[in-house]
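Next come the chains, spelled out residue by residue.
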Amino acid sequence: MLILLSQGHYQLFFFILFALTFSLTFHEFGHAFVAKKFGDNTAEQMGRLTLNPIAHIDPMGLLMVIVIGFGYAKPVPTNPRNFTSHWADLWVSAAGPGMNFLIAFVVINFYALSLSMGWSLFSDASSFFIYLALINLVLMIFNLIPIGPLDGHYILPYFLPKNLAYKYVVFNQKYGSFFLLALVALSFMGIPIFSYVFGFGKALLPFITVIPM
């Protein structure tokens, strides 16, 4: 991200910064909203059932966004003992990536509709819609990786046999964060881990565009 500033791409820098802040906010709100629906109001009591970015953005995570173009928001607190269903953890965890998918779907199809209707959009506006949709797909894909604190590690056990699910949960609690840090470290060492995720999101974009451009 800082490279964009050094190269004079100020508008693109602020496009991406806004898109990431917007997308992370909706991601965390999705977790809080579904947790509330399943009987846990912990997030609501802590002021997290809101679309105010200030409630969700982590200063260090935002700094990482600015420096390396990737960061994180504050995790939404939940108390599983309050959940009214065995499946609640699955749906609460899936709600964040699901919200990112919903944003991507709406944004890219609104953009496609504008083109099909012949609406005149500035090139900057076109870039913004595409970047916003793509960033949300990338956040969805990355958060579904079942390691560390990512949402995918809460989802995967529901699709494994009970004994294997237990072993996986124990293993991830011990080593998951190290695997996540290893991915970040590999990306800094020149192995394009996040480029693969970005490429996957870019390849997925045409498949969620239901309105012909």
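Position labels on residues start from 1 in each chain and follow its written sequence. This being a predicted model, a pLDDT of at least 70 is required before a residue's local features are given, and a value of 80 or more before pairs of side-chain atoms are given or counted; all residues contribute to the totals for chains, interfaces and linings. The side-chain figures draw on all heavy atoms in the structure; neither hydrogens nor water molecules are used.

*Asks:* Help me out: how do you make sense of the pattern of salt bridges in this one?
*Replies:* Side chains that differ in charge, positive against negative, can pair when their charged atoms come close. Here, a salt bridge means any side-chain nitrogen of Lys or Arg that lies within 4 Å of a carboxyl oxygen of Asp or Glu. This structure, assessed with the given rule, holds one salt bridge. The closest approach of N and O atoms between Lys36 and Glu44, which form a salt bridge, is 2.7 Å. Here the term buried applies to any residue with accessible area under 20% of the maximum for its type, exposed to any over 50%, and partly exposed to those in between, with areas from a 1.4 Å probe on protein chains only. Given a relative accessible area of 36%, Lys36 falls into the partly exposed group. Taking the relative accessible area as the measure of exposure, Glu44 reaches 36% and is therefore partly exposed.

*Asks:* Is there a simple way to think about helix H10 (residues 193–204) in this case?
*Replies:* An α-helix turns once every 3.6 residues. As a result, residues three or four positions apart point the same way. A run of H or I in DSSP counts as a helix once it spans at least four residues, and a run of E counts as a strand once it spans at least two, with each numbered from the N terminus. By this rule, a helix spans an expected 1.5 Å times one less than how many residues it contains. Between its first and last C-alpha, H10 extends 17 Å over 12 residues, near the 16 Å set by a 1.5 Å rise per residue. Among the residues making up H10, those that are buried are Ile193, Val197 and Gly201. When H10 is viewed along its axis, its buried side chains cluster within an angular range of 75° and face the same direction. Of the exposed residues in H10, the ones pointing more than 90 degrees away from its buried face are Tyr196 and Lys202. What the arc describes is the spread of directions from the helix axis to the C-beta atoms.

*Asks:* Would you explain helix H9 (residues 162–188) in this entry?
*Replies:* Counted at 1.5 Å a residue, the expected span for H9 with its 27 residues is 39 Å, and the 37 Å between its end C-alpha atoms agrees. Note on bend: the value at a residue is the angle between axes fitted to the seven residues ending there and to the seven starting there. Considering bend angle alone, the principal kink of H9 is centred on Tyr175 and spans about 55°. Within the sequence span of H9, burial applies to Ala165, Tyr168, Asn172, Gly176, Leu180 and Leu183. Phi for Gly190, located one or two positions after H9, is positive at around 105°.

*Asks:* Sorry if this is basic, but what is going on with the packing of aromatic side chains here?
*Replies:* Geometrically, a pair of aromatic rings is defined through the distance of the ring centres and the angle of the planes. Put simply, two rings from Phe, Tyr or Trp (the six-membered ring, in Trp's case) pair if the centres are within 6.5 Å, and we call them stacked under 30 degrees between planes, edge-to-face over 60, tilted for the rest. Across all of its chains, the model carries 14 aromatic pairs by this definition. Ring geometry for Phe101 versus Phe105: centroids 6.3 Å apart, planes at 25°, classification stacked. Of this pair, Phe101 and Phe105 are both found in helix H6 (residues 88–116), four residues apart, which corresponds to roughly one turn of the helix. Residue classification places Phe101 among the partly exposed residues on the basis of a relative accessible area of 32%. Note on Phe105: relative accessible area 30%, which makes it partly exposed. On the basis of an interplanar angle of 45° and a centroid distance of 5.9 Å, the ring pair of Phe171 and Phe179 is categorised as tilted. Residue Phe171 is classed as partly exposed on the basis of its relative accessible area of 40%. Aromatic rings pair up to connect Phe15, Phe18, Phe22, Phe26, Phe110, Tyr111, Phe128 and Phe129 into one cluster.

*Asks:* I would appreciate a short explanation of the nonpolar core in the present structure.
*Replies:* The tendency in soluble globular proteins is for nonpolar side chains to be buried side by side. Of all hydrophobic cores here, the largest spans 38 residues; its most connected members are Val107, Ile108, Ala133, Ile135, Leu137, Leu205 and Ile208. When contributions to this core are tallied by element, the ones reaching two or more residues are helix H2 (10–37), H6, helix H7 (123–143), H9 and H10. In terms of residue count, H7 provides more of this core than any other element does, 12 residues in total. Those residues in contact with Ile135 that lie beyond four places of it in its chain are Ile16, Ala19, Leu20 and Ser23. If you look at the next biggest cluster of nonpolar residues, it comprises seven residues, including Val34, Ala35, Phe83 and Val92. Grouping buried Ala, Val, Leu, Ile, Met, Phe, Trp, Tyr and Cys residues that are joined through side-chain atoms within 4.5 Å yields what is termed a nonpolar core. Throughout, a residue-residue contact means that at least one pair of heavy atoms, one from each residue, lies within 4.5 Å.

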